[in-house]
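Coordinates in review
This is what each chain is made of:
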Amino acid sequence: MEVIFILIAISLILAGSFLFLFFRAMKGGQFEDSHTPAIRILFENKQSNTSKKIPTPKSK
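Here is a short report on the structure shown in this document. (Residues numbered from 1 in each chain as written. Predicted model: local features only at pLDDT ≥ 70, side-chain atom pairs only at ≥ 80, totals over all residues. Heavy atoms only, no water.)

**Comments concerning the overall build of the protein chain**
- The secondary structure content of the protein chain amounts to two helices and zero strands.
- Counting every position in the protein chain, which comprises 60 residues, the buried fraction comes to 2%.
- Total accessible area on the protein chain stands at roughly 6,700 Å², and carbon and sulfur atoms take up 65% of it. (Helix = DSSP H or I, 4+ residues; strand = E, 2+ residues; numbered from the N terminus. Buried < 20%, exposed > 50% of the residue type's maximum accessible area, 1.4 Å probe, protein only. Areas by Shrake-Rupley, 256 points an atom, 1.4 Å probe, with all protein chains shown as cover.)

Set out below in structure tokens:
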């Protein structure tokens, strides 16, 4: 029976620490920009590989 009280105390401490870290992240502005991650997939960064050119067949 004592184990249940120990587990409840540990879970409350763990939940309190997660809640503290969440509010700290909110105050720090980590969740400010919610629009950019949604459209980031639409803008692809194209890299130019000048060293690897694919030869094209010559048309006559």
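**Description of a nonpolar patch on the surface**
- A surface patch of nonpolar side chains, amounting to about 580 Å² of accessible area, comprises Met1, Ile4, Phe5, Ile8 and Leu12.
- With respect to the element layout, Met1 can be found in the segment before helix H1 (2–28).
- Take Met1: its relative accessible area is 68%, and that puts it in the exposed class. (Patch = residues over 30% accessible without salt bridge, like charges linked within 9 Å, V, L, I, M, F, W, Y side chains within 5 Å. Salt bridge = Lys/Arg side-chain N within 4 Å of Asp/Glu carboxyl O.)

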